[in-house]
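# Observations on chain architecture
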Amino acid sequence: MMVMLPDGRFPFEPLLCVNYKPTSVGGDRMVLIPSYRQRSKEKKSMKTLDPAKWLSVKEMMNADVPLLHLEDTIRTVIGFMQDYKLGTLPVVDKDNKLIAVFPRKRLFSALMDGASINTPIRDYVRYDPVFVFEDLTYDEVSLVVRVTRSKVDHVIVVNYSHEVVGVIGTVEYLRGGLDVIQHSTVLGDAMLNANNEAVIIVDNKSQVIKVNPAFEGMFGLSNDEAKNKPLKEVLPGITLMNKRLLGIKKMVKGLPVIVNQLPIVANGLWMGTVITMLDLSDYEEISQELELVKKLQRTLDGIIKAVSDGVVVVNRAGEIKYINQKASELFDMDAADLKGKPASLVFNNEELERIMETGLPDVKEHIFNKTKGVLYYVPLKQEVDNNRYAITGLVITIYLGDSVATREEIAVRLLSLTKQVQYYRKALEQKDQKWDFDNVVSKNVRFNQVKHDARRIARTTSTILITGESGVGKDMFARAIHASSPRSERPFVKVNCAAIPESLLESELFGYAPGSFTGASKTGKPGYFEQADKGTIFLDEIGDMPLSIQVKILQVLQEKQFMRVGGTRSQSVDVRIIAATNRNLREAITNNTFREDLYYRLNVIEFSLPALRERTEDILPLAFRFIDKYNEILGSAVTGITGSAKEALESYRWPGNIRELENAIERAANYAWEREIGTEHLPVHIFHNEPIVNDTSDYRSALQEMDREIIVRALREANGNKSAAARSLNMSRSAFYDKLNKYGVS
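The sections below set out a description of the structure shown in this document.

Conventions we followed
Note on numbering: residues in each chain are counted from 1, in written sequence order. With the structure being a predicted model, the display of local features is reserved for residues of pLDDT at least 70 and the display and counting of side-chain atom pairs for 80 or more, all residues being used for whole-chain, interface and lining totals. With hydrogens and water excluded, all non-hydrogen atoms of the structure serve as input to the side-chain values. Here's how the labels work: a residue is buried when its accessible area is under 20% of the maximum for its type, exposed when over 50%, partly exposed in between, all with a 1.4 Å probe on protein chains only. Helix and strand definitions follow DSSP, with helices as H or I runs of at least four residues and strands as E runs of at least two, each counted in order from the N terminus. Two residues qualify as a contact provided that any one of their heavy atoms is within 4.5 Å of a heavy atom in the partner residue. At least two DSSP bridges between two strands are required for those strands to pair. Definition used in this section: a nonpolar core is a set of buried Ala, Val, Leu, Ile, Met, Phe, Trp, Tyr and Cys residues joined via side-chain atoms within 4.5 Å. To define axes, lines are fitted to C-alpha atoms, for helices over the stretch in contact only, and angles between the resulting N-to-C directions are given on a 0 to 180 degree scale. Pairs of N or O atoms within 3.5 Å make up the polar contacts considered here, provided that, within protein, one atom can donate a hydrogen while the other can accept it, and that residues adjacent in sequence are counted only when both atoms are side-chain atoms. Distance thresholds for patches are 9 Å for like charges and 5 Å for nonpolar side chains (Val, Leu, Ile, Met, Phe, Trp, Tyr), applied to residues having over 30% relative accessible area and no salt bridge. Computed by Shrake-Rupley with a 1.4 Å probe, the accessible areas treat only the displayed protein chains as cover when residues are assessed. A side-chain nitrogen of Lys or Arg and a carboxyl oxygen of Asp or Glu constitute a salt bridge if their distance falls within 4 Å. Every helix has an expected span of 1.5 Å times one less than the residues it contains. Relevant arc is that of directions from the helix axis to the C-beta atoms, nothing else. Stacked, tilted and edge-to-face are the three classes applied to pairs of Phe, Tyr and Trp rings, where Trp contributes its six-membered ring and a pair requires centres within 6.5 Å; stacked means planes under 30 degrees apart, edge-to-face means over 60, and tilted covers the rest. Two conditions define a charge sitting above a ring: the NZ of Lys or the CZ of Arg must be within 6 Å of the ring centre, and it must be within 35 degrees of the ring normal.

It is worth spelling out helix α18 (residues 502-510) at this point. Of all the positions in α18, only Leu505, Ser507, Glu508, Leu509 and Phe510 are classed as buried. Where α18 is buried, its residues touch β19 (492-496), α19 (528-531), β20 (536-540), α20 (547-559) and β21 (561-562). Positive phi appears at Gly511, one or two residues downstream of α18, with a value of about 80°.

Written out as structure tokens, the structure is:
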């Protein structure tokens, strides 16, 4: 039951105020207590980074506090104050709820009045106590302490039942203040280190106090090396200012930067200055690239506006992102009104969703004001990783009979596009079909011997290395080996080692454990080796694999085990490895870019595929095979190849090998359509056949070695300063670091 004060008031009734405003209530009494409603709302809020906002009284207070009752004597007060070193003691009722306080001043008053030490404290307590709730924060308590510091030694702490749980005074408050300072220091360091601009803090004596990591990367000088040194020694040409200075362009140590200076002022005194520097070299390059993109955008806009067909671009969310004038006229709406609106306003929504889901192009008829037209839907795809694509939107082209194309031409287009859709659907349905050596076309004796040997070796589990120039068919040859092996029903997983960034390659190959790095899936992710278990993994372009990953590949070959990134236990795997490269691995070993022990582990069986110029008898058979393929894809009806075109194909040296031949036939099929392919349908460069270097892998290796030597020499001349070396080569720092990583230069 609550005790009533002598004046008829309850002890806590007048002590509640909102918004933490100091309120004077009778005499010199000052309180700063939030209302119950205000406190209950704030208890639900999340903690912030500012410790002053969440460090509570409960974490700072002294919980070891004695409790007085009205019937206790002055003797008890003296004993408690001596034992607990407290200047203010709480007085509670029989339910331990705060009703008053007994401060040290009241003890002195009682003794001066002649009261004995056995006198009850009832007439000397203070019934209007200053108190705080236990969940008040440091900011709020600081106001209470500042307002009441001349009136009480300690402030009583209560819970929401008004039971005394502790006291808080100067010592506790200062200890909490120290925690706030420590947290604020950590927060300041985090802000400094996260800044992409170079930051240097200097005192008013022009001595360097601290630099951030961005400064270290920009000028090649660590914090320990720069600390306590004069500014003019660390950054020649920078003059320390005691006023705000923004946006000054300067050359500092040969680097174009924008310099800002912000003075540090405390209590009206200049303590030092924060200097920030923004590297302009990368931004100038980005600006040039942005301008190029803008020019390309303007060119693209001009082209799309000029075409006689309607064009609409829809994003993944089904919103119209672009529509040209012709298309907006067909829908009898203004282009500006359609941009950003759902495409379902003018197109069949189910059709849009189906194409987005399947990723397959489609062709549909549509009636525009009694005029029959054709809608051609083409999905926009973006590669997310090796051989996987995400649908990002659709391009919808609208063909009408009154456009430049005649009705007959539209009919041909519709037939062609329909056949393309059927082909891609069929290809999707048969994506798991087997590839065998019967699909590898050749009349060349040497190549057929390689096929014969590979067919026999396919039955074993030995590791195979396929070498040859780019475009000779190493991928198809690897698939044929897998299809002819006992593992043919198991997965065939292809990995392009040159297409995956080095930072991701390990996790892609071996997977990662749950939560092993920021952004990692909570369930982890299996790598390519796990996916290929009991089957075959094809490591294409293995000559470009980083040395750090080569060690782990060697371990898999030797022990048939690997460990996920962030994992704690090894996993066994039964997988056959087929590797391929167009590089000279022996030269790579000499240049220390490929491990010799891995080379001998991979090179158990080697198949060297000849270039197309070394098997000229295969040029025409391959060409006719590609004609059949693209007649089916394009809906064309190419009937053959003229004699002069055959002669041109056979006399060309095909530096791009089979891939280049296929591209040439695809191009010719688009032009010839229902006729024979003639010389006029072939790429022009075929008729300017110049001698080429036979061994392109040796040529590429020589270029790479020369490139590496230039990088090393520039770094040596710059005394190891990477930023200066990049500038001497007129190269951005990011590109220079990529070169260093590629060639293993530190």
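Summarising the sheet, strand β13 (residues 310-315) and strand β14 (residues 320-323) pair through three bridges and their orientation is antiparallel. Bridge pairing links Val314 to Ile320 in β14.

This paragraph deals with the environment of Met241. With respect to the element layout, Met241 can be found in the loop between α10 (231-234) and β10 (245-252). In this structure the C-alpha to C-alpha distance between Met241 and Pro263, which are 22 residues apart in sequence, comes to 7.5 Å.

Formed by 32 residues in total, the largest nonpolar core has its most connected members in Leu509, Phe529, Ile537, Leu539, Ile553 and Phe594. Only β19, α18, α19, β20, α20, β23 (576-581), α21 (585-590) and α22 (596-602) provide two or more residues apiece to this core. Those residues in contact with Ile553, other than ones at most four positions away along the chain, are Leu509, Phe510, Phe529, Leu539, Met545 and Leu598.

Further remarks concern the pairing of strand β8 (residues 198-203). Among the six residues of β8, six are classified as buried, and the element is accordingly described as predominantly covered. The alternating pattern of β8 places Ala198, Ile200 and Val202 and Val199, Ile201 and Asp203 on opposite faces, both of which are buried. Judged from the six bridges that link them, β8 and strand β12 (residues 269-279) form a sheet pairing that is antiparallel. Residue pairing for β12: Asp203 is matched across the bridge by Gly272. As paired elements, β8 and strand β9 (residues 208-211) share three bridges and run antiparallel to each other. From the neighbouring strand, Ile201 faces β9, where its bridge partner is Lys210. Here β8 hands over to β9 after four residues, with Ser206 in that stretch at a positive phi of 65°.

As a further point, take the sheet that holds strand β7 (residues 164-168). Spatial strand order, β5-β6-β7: three strands in an open sheet with mixed pairing. The sheet terminates laterally at β5 (131-133) and β7, the two strands that pair on one side only. For this sheet, the mean angle separating the axes of adjacent strands, direction not counted, is 35°. Where β5 meets strand β6 (residues 155-158), three bridges bridge the pair, whose relative direction is parallel. Residue pairing in the sheet places Val132 in a bridge with Val157 of β6.

Below, the discussion takes up the sheet that holds β19. Pairing within the open sheet is parallel, and its five strands lie in the order β19-β20-β23-β18-β24. Two strands close off the open sheet at either side, each with one partner strand: β19 and β24 (605-608). Taken pair by pair, the neighbouring strands of this sheet meet at an average axis angle of 20°, ignoring direction. Bridge count for strand β18 (residues 464-467) against β24 is four bridges, and the pairing is parallel. Residue pairing for β24: Ile464 is matched across the bridge by Ile605. Where helix α17 (residues 474-483) meets the sheet, it contacts β18, β19, β20, β23 and β24, and its direction lies at approximately 155° from that of β18.

What follows deals with the side chain of Ser442. The topology assignment puts Ser442 in the loop between α15 (407-429) and α16 (445-457). A distance of 3.1 Å separates a polar atom in the side chain of Ser442 from the backbone nitrogen of Asn444.

A cluster of nonpolar side chains, contributed by Ile78, Leu111 and Ile117, occupies part of the molecular surface with about 210 Å² of accessible area. Relative to the elements of secondary structure, Ile117 occurs in the loop between α5 (104-112) and β5.

An ideal rise of 1.5 Å per residue puts 18 Å on 13 residues; α20 measures up with 19 Å between its terminal C-alpha atoms. Those residues of α20 not exposed but buried are Ile549, Gln550, Ile553, Leu554, Val556 and Leu557. For α20, the angular spread of buried residues about the axis comes to 160°, placing them on one side. For α20, the elements touching its buried residues are α18, α19, β20, β21, β23 and α22. Positive phi appears at Lys560, one or two residues downstream of α20, with a value of about 55°.

Counting across every chain of the model gives 14 aromatic pairs. With centroids separated by 5.2 Å and ring planes inclined at 70°, the aromatic side chains of Tyr599 and Tyr600 adopt a geometry described as edge-to-face. Through pairs of rings, three or more aromatic residues link up here, namely Phe437, Phe447, Phe477 and Phe607. One cation-aromatic arrangement involves Arg615 over Phe447; the distance from NZ or CZ to the ring centre is 4.0 Å.

This part covers the side chain of Glu351. Among the structural elements, Glu351 can be located in helix α14 (residues 349-358). Take Glu351: its relative accessible area is 12%, and that puts it in the buried class. In terms of polar contacts, Glu351 uses its side chain to reach the side chain of Arg354, at 2.6 Å. Discounting residues that sit within four places of it in the chain, Glu351 has contacts with Asp362, Lys364 and Tyr377.

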